[in-house]
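Report on the structure
Each chain, letter by letter, is given below.
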Amino acid sequence: MSTNHHGLTVPQYKIEVSGRIDPQRAAWLGDLDLKIHSTPEGKTISVLSGPVPDQAALYGIINRIRDMGLKLLSIHSMEYYRKNGSVTHQTKEENNGYTTVE
Amino acid sequence: MSKFVLATKLEAPQERRTLILRPRLVNLLVEGLASRLILVSAPPGFGKTTLVAGWLRGIDQPFAWLSLEENDNDPVRFLAYLIAALQRVDPALGQGLQPLIGAPQAPPPEALVEMLINELAERGRPAMLVLDNYHLIQNETIHHVLDELIEHQPVEFHLILLSRHDPPLPLPKLRACGQLTEIRETDLRFSEEEAVVFLQEAMHLELAPQDVASLTERTEGWIAGLQLAGLSLQQCEDAGRFIANFRGDDRYILDYLMEEVFRHQSPEIRDFLLQTSILDRMSAPLCELILGGFEQSNGETSLSAGDILEYLERSNLFVIPLDNRRELYRYHHLFADLLRFRLERKYPERLPELHRRASHWFAQAGDPDTAMQHALAIPDHTLAADLAEIFMLTMIGSSRLTAYQQWIAHLPDGLITQRAYLCAGCGWTYSLICQLESAAKHVAAGEAALEFYQPIFSPADKRQISREEVGGHLAAIRAYIARLQGDYSGAVEHSHRALEGLPPEASTVRSVVAFNLGMLHMHNGQMAMAREAFQDALEAAQKSEQNLYIAVSTLCLLGGMAVTVGLLNQAADYYERAIQMVQQESGLSVSMPALSYAYGGLGGVHYQRNELDKAQQHLDTASRLVTHLGMPETIVMADIYQALLALERGDIQLAGKQLIQAEVRMQTHPVRGGILVEWSVSRGEFFLAQGDAASAVQWLKGRGIEAGALSGVSRTTGMSSDQMHLQGTREAEYLLLARALLAQGSIDQATDLFEQVCDLAKTTQNRAVLIEGLVFRAIIACDRRGNSTQALPYLEQALDLAAPEGYVRPFIKAGESLIKLLRQAIAQGIHPAYAHRLLSDLIERERRLGRIMRPPVGTNGRLSSLNTPLEPLTDRERQVLRLLAAGLSSNQVAEELIISVSTVRSYMKSLYQKLDAHNREEAIEKGKRLGWL
């Protein structure tokens, strides 16, 4: 897990967006990792995951998603879910049953 | 434009409370000056503004501050404020740009910011710009402008953005190359030590260390939270108990603390806080107006609004003074949000009236944006529609289209279609942003509503808007749409109707309509009508305050038209008026790009008059003004005249370079009409100056100019002089051909052609060509007959035409063969004074150019002496060769032509092969000799 210049742990987030984000256009993603999944129903979902240093950065990303006209599906704080055990359920299910295509 | 700039937005907020020194953050800021961007990004209440404003006040450097608000999501308004802010640092900055901002038909914001960057770079002294509340900006164009600014800013410039969330700028890229300094939430949180100092010095609280630790922990170092806690503690008997309660409560800390702070205020203060919370900016008189007449919680009011504001500031109750005189205040954003939330619950019935009062106040104060904001908050659509009508001319006249479009988007269609004048506002907005279908729909609705129109009084314009005027607007929009759709006759007709309906007071619109009408006539080749329309446009533009750009453009076009018919005096007069007008408007600055046309034109006039130094000076100014802004005609024109001037000075190499520069620019910025002719002629002059008549003939042939072709053009088609102008006056190219033929010794052919050219020039009223043609006819007549009897009448005609306008160039081009004739003219008393002046200019020129007038020795510069390559170059290869000759690297060539570097290399390889050249220098040299460069 990465740390910032204060030596503090940087929170990890996972953001799901409907549709495909062009990796070429996603220069603003910074340290976020982009994966494209498709759901069993055949819908495409872009999953952004990685360190988001603070709330200002998080809102910056959310506004970007809005400005690009993308539909925001969900935001998870990985730290929170790890503590509360919800993510274990997810990892078991292999990404909610999505298949990774890229 | 400066009308809607509120000075308080340009002042860094100054809080009375004691500043807490935060050396670690100040160090970050100071170090950050080495990067391109300092970003202070954190949620509200973390002291972003206080930190940066406090730091800047403490250092001895001028800075520009701009507090953004929601209304600034309009590129025009944003730029106006940006420049106003920068002028606090240097009043000269952006002065030339100011008249362009929001002016009709002005360049786009991106181009304007480019010019601003150049000014900053030329200034070369440090400047700091702070944009506070940048999170409120959502407009893509503004983000783009900022992106440009960050990308191209000079090293002396420092940009500091304060935002609640990360702005949509290429931050990862900046971060990756170490060009971004960030101050974020973790940096801004108060440490325990800072909390102690803050509570002691700013809040005057002495607390036990463990209490401070508790507070810091519960608030997580959030400054607004600590401040609220401090306020509660000030009014609390038992600090320990308060802190224990606070610690044990899991409510959102702001709700909890606000409740505490609010509870301790008197009912009177509470009512004041609630009801004034709708205001983004407040002054005592405005607060009085807002509160007046409402039953207050404690019955009679005892305190004036001024007293209350002062009390609030003294007690640190989240009011921030916006100016040094303590006249304007605003609430801290967090506090305002919470107050508004409470207001909605406590006095929901009062809200509409509160907003209505505020709206009237701001409308009276000439702040359309805030007035509209309150009208829409109610929402009172009738009031909003009234405002949209009252401020229609103000907003559209200053191109505040984005804002106006947002306004009308809030209004129901049914309401708009009932109001003819509002329909005109919508029609203007949509047509100017090129949504022609919506525009036409609104115009049609407006025309239908015109019948029921009742004259409205517009306080912004201080007059009644008559039905005729509204009809004039609708016709003007129709004209605009027709012009964009290529329906010229329709556009002309609607323009005339518009000018009939619009009163002289509607000068901004009148000037735009007349200007566009002039352009229509000009493109149709109806020069006399074009001139008339331009005169109208000029008159109207001078009456209007907002129309410097149209006035200057019109003067330049009138100047250009005067030149084409050889009226140099008139042309110079128009150009000089344009220059004076801008100087008067903006002090000393001459950086308005539209002026480059005027300077270029003046350069041309002086060139014709053989005043080379003045010509050079004006052309240099023109070239400097156009370098940064793409106005193809003017840029190419300046290059061409620079080339001609270089030829005059005998500097063939420089002339060649300038021509190549013009040609390179023409590839990326296509030009048409008269400029192509000027370019062609200057190319021809370039060959003739080197004694290479054959290349000149060949060149003109490539342009479709051949000796036999002229009689067909001038006589059979029977075109009017106006139509000839439409094609560009190509007689100048025929004249050049005649001279080339003469130089080659084809005297008969040349004689015929000179005669035809003179006839044509008489029809087209091309005085310069006619004079030059007559001069050459005189020379030929003299040479043939050995005496001057036949020659002098031609010369006399030429002198008649030239003397009143001061033409010199067409005479002295003829060279030494004219000397004898001029002497005879003087002897016979034909314009003796003028002929004398020509004679001395001519002799001086011959002396100066003596070296190059003789054909060069050896093979240099001669087409015939070179081995013609087996295979001609393709167009693409020639382009590449020209760019190489202009000094571009292969990478730059690739960029210029938008092809890959490897493709450029393969073109280079093939053209080297064809030219039998082994390197770039050799290829360029050979290309030059072949007249391809």
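Residues numbered from 1 in each chain as written. Chains lettered and ligands numbered in written order. Predicted model: local features only at pLDDT ≥ 70, side-chain atom pairs only at ≥ 80, totals over all residues. Heavy atoms only, no water.

**So, the overall build of chain A**
Looking only at helices and strands, chain A has three helices and five strands in total. The burial tally for chain A puts 39% of its 102 residues in the buried class. Long-range pairs, those at least 24 residues apart, make up 66% of the contacts in chain A between residues at least 6 apart in sequence. For chain A, the computed accessible surface area is about 6100 Å², with 49% contributed by carbon and sulfur atoms. (Helix = DSSP H or I, 4+ residues; strand = E, 2+ residues; numbered from the N terminus. Buried < 20%, exposed > 50% of the residue type's maximum accessible area, 1.4 Å probe, protein only. Contact = heavy atoms within 4.5 Å. Areas by Shrake-Rupley, 256 points an atom, 1.4 Å probe, with all protein chains shown as cover.)

**Some details on the overall build of chain B**
A count of helices and strands for chain B gives 49 helices and nine strands. Residue pairs in contact within chain B that sit at least 24 positions apart in sequence constitute 70% of those at least 6 positions apart. When the accessible surface of chain B is totalled, it reaches about 38800 Å², and 50% of it is carbon and sulfur.

**Describing the pattern of salt bridges**
Pairs may arise between side chains of opposite charge once their charged atoms sit close together. Counted by the stated rule, this structure contains 46 salt bridges over all chains. We note a salt bridge from A:Asp54 to B:Arg184, for which the minimum N-O separation is 2.6 Å. Of this pair, A:Asp54 sits in the loop between β3 (44–51) and α1 (55–67) while B:Arg184 sits in strand β5 (residues 180–184), placing the two residues on different chains. The pair A:Asp54 / B:Arg184 is uniform in exposure class, with both members buried. A salt bridge links B:Glu151 to B:Lys173, with the shortest nitrogen-to-oxygen separation between them at 3.6 Å. Of this pair, B:Glu151 sits in helix α5 (residues 140–152) while B:Lys173 is found in helix α6 (residues 171–176), placing the two residues 22 residues apart along the sequence. One network of salt bridges, in which partners are shared, links B:Lys9, B:Glu69, B:Asp72, B:Asp74, B:Arg77, B:Arg281, B:Asp367, B:Asp369 and B:Arg400. (Salt bridge = Lys/Arg side-chain N within 4 Å of Asp/Glu carboxyl O.)

**Focus: the side chain of B:Ser682**
All names here are of chain B. Looking at the element boundaries, Ser682 is found in helix α35 (residues 674–689). Accessibility expressed as a relative area gives 1% for Ser682, which makes it buried. Look past the residues within four positions of Ser682 in its chain and what remains in contact with it is Ile640, Leu644, Leu647 and Leu659.

**A closer look at helix α26 (residues 488–501) of chain B**
All names here are of chain B. With 14 residues, α26 ought to run about 20 Å at 1.5 Å a step, and its terminal C-alpha atoms sit 20 Å apart, in line with that. All of the buried residues along α26 are Gly490, Ala491, Val492, His494, Ser495, Ala498, Leu499 and Gly501. Sitting at the head of α26, Asp487 places a side-chain oxygen 2.9 Å from the backbone nitrogen of Gly490. (Expected span 1.5 Å × (residues − 1). Polar contact = N/O pair within 3.5 Å; in protein donor to acceptor, adjacent residues only side chain to side chain.)

**Remarks on the sheet that holds β5(B)**
Think of a sheet as strands paired side by side through backbone hydrogen bonds, with each pair either parallel or antiparallel. All names here are of chain B. If you trace the five strands from one edge of the open sheet to the other, you get β2-β3-β4-β1-β5, paired in parallel fashion. With one partner strand each, in any of the chains shown, β2 (63–67) and β5 form the two edges of the open sheet. For this sheet, the mean inter-axis angle between neighbouring strands, taken without regard to orientation, is 15 degrees. Packing against the sheet, α5 makes contact with β1 (37–41), β3 (127–132) and β4 (157–163), and its axis sits at approximately 140 degrees to β4. (Pairing = 2+ DSSP bridges. Axes fitted to C-alpha atoms, helices over the stretch in contact; angles between N-to-C directions.)

**Brief notes about unusual backbone geometry**
All names here are of chain B. Note the cis peptide between Ile378 and Pro379, where omega equals -10 degrees. Mapped onto the elements, Pro379 comes out in the loop between α18 (368–377) and α19 (381–390). A positive phi angle is found at His204, which is not glycine, with a value near 55 degrees. Along the polypeptide, His204 turns up in the loop between α8 (192–202) and α9 (209–219).

**As for the nonpolar core**
All names here are of chain B. Formed by 253 residues in total, the largest nonpolar core has its most connected members in Tyr331, Leu795, Phe811 and Leu818. The biggest single contributor to this core is helix α41 (residues 767–785), with 12 residues. In contact with Leu818, other than residues within four places in its own chain, are Val775, Ile779, Leu795, Phe811 and Leu842. In terms of nonpolar packing, the next biggest core, distinct from the first, is built from 44 residues, Ala64, Leu79, Ile101 and Leu112 among them. (Core = buried A, V, L, I, M, F, W, Y, C linked by side-chain atoms within 4.5 Å.)

**With respect to the packing of aromatic side chains**
How two aromatic rings sit relative to each other is set out by the distance from centre to centre and by the angle between their planes. Residue and element names in this part refer to chain B. On inspection of all chains with the given rule, the structure shows 10 aromatic pairs over all chains. Ring geometry for Trp679 versus Trp699: centroids 5.2 Å apart, planes at 85 degrees, classification edge-to-face. A residue pair is termed long-range when its members are at least 10 positions apart, and Trp679 in helix α35 and Trp699 in helix α36 (residues 693–702) qualify at 20 residues. The class for Trp679 is buried, based on a relative accessible area of 12%. One aromatic cluster is present, built from ring pairs that chain together Phe242, Phe246 and Tyr256. Its guanidinium or amino end placed over the ring of Tyr347, Arg350 lies 3.9 Å from that ring's centre, counting from NZ or CZ. In this structure, Arg809 is placed above the aromatic ring of Tyr607, and the distance from its NZ or CZ to the ring centre is 4.4 Å. (Phe/Tyr/Trp six-rings, centres within 6.5 Å; stacked < 30°, edge-to-face > 60°. Lys NZ or Arg CZ within 6 Å of the ring centre and 35° of its normal.)

**What about the packing of helix α21 (residues 401–409) of chain B against helix α23 (residues 420–432) of chain B?**
Residues and elements named next belong to chain B. The N-to-C vectors of α21 and α23 enclose an angle of 130 degrees; their axes lie 10 Å apart at closest approach. On the basis of the axis angle, α21 is oblique to α23. Like other packed secondary-structure pairs, α21 and α23 cross with a definite hand, here left-handed. In this structure, α21 uses Leu401, Tyr404, Gln405 and Ile408 to contact α23, whose residues at the interface are Leu422, Gly425, Cys426, Thr429, Tyr430 and Leu432. When grouped by side-chain class, the residues that make up the contact of α21 with α23 number seven nonpolar, three polar and no charged. (Parallel < 35°, antiparallel > 145°, perpendicular 65-115°, else oblique. Left-handed = near helix turned anticlockwise from the far one by under 90°. Nonpolar A, V, L, I, M, F, W, Y, C, P; charged D, E, K, R; others polar.)

**Observations regarding helix α16 (residues 333–346) of chain B**
Residues and elements named next belong to chain B. If you check α16, its first and last C-alpha atoms are 20 Å apart, about what 14 residues at 1.5 Å a residue would give, namely 20 Å. Looking only at α16, the buried set comprises Leu334, Phe335, Ala336, Leu338, Leu339, Arg342 and Leu343. Elements that come into contact with the buried residues of α16 comprise α10 (223–234), α12 (253–263), α13 (267–276), β7 (329–331) and α17 (351–364).

**Quick word on the confidence of the model for chain B**
It should be kept in mind that the predicted coordinates are not to be read in detail where pLDDT is low. All names here are of chain B. In this model, chain B carries a mean pLDDT of 85, and residues with pLDDT of at least 70 account for 90%. Of the regions scoring below 50 in pLDDT, residues 714–728 engages in 27 contacts with residues more than four places distant in sequence or in other chains. Across residues 851–870, where pLDDT falls below 50, the model places 23 contacts with residues more than four positions away in sequence or in other chains. (pLDDT = per-residue confidence, 0-100.)

**As for the confidence of the model for chain A**
Residues and elements named next belong to chain A. Residue-level pLDDT values for chain A average 75, and 64% of them are 70 or greater. In the model of chain A, helix α3 (residues 86–92) stands out as the element of lowest mean pLDDT, 43, in contrast to strand β1 (residues 12–18), which has the highest, 92. Predicted confidence for residues 86–97 stays below pLDDT 50, and this span has 11 contacts to residues more than four positions away or in other chains.

**Let's talk about the state of the cysteines**
All names here are of chain B. Following the criterion strictly, the structure yields zero disulfides over all chains and no others. The thiol sulfur of Cys426 is not disulfide-bonded, and the nearest other cysteine sulfur, from Cys423, lies at 6.1 Å. By relative accessible area, Cys426 is classed as buried at 0%. (Disulfide = S-S within 2.5 Å.)

**Digging into the environment of B:His669**
Residue and element names in this part refer to chain B. Secondary-structure assignment places His669 in the loop between α34 (652–668) and α35. Judged by its relative accessible area of 32%, His669 falls in the partly exposed class. Taking the C-alpha atoms as reference, His669 lies 9.5 Å from Ile635; in sequence the two are 34 residues apart.

**Some details on the pairing of β3(A)**
As judged from the seven bridges shared by β1(A) and β3(A), these two strands associate in the antiparallel manner. Of the residues in β3(A), the one forming a bridge with A:Ile15 is A:Leu48.

**A word on the environment of B:Ala388**
Residue and element names in this part refer to chain B. Inspection of the secondary structure puts Ala388 in helix α19. Sequence-wise, Ala388 and Cys426 are 38 residues apart; in three dimensions their C-alpha atoms are separated by 9.5 Å. The contact partners of Ala388, leaving out residues within four places of it in the chain, are Met372, Tyr404, Trp407 and Leu422.

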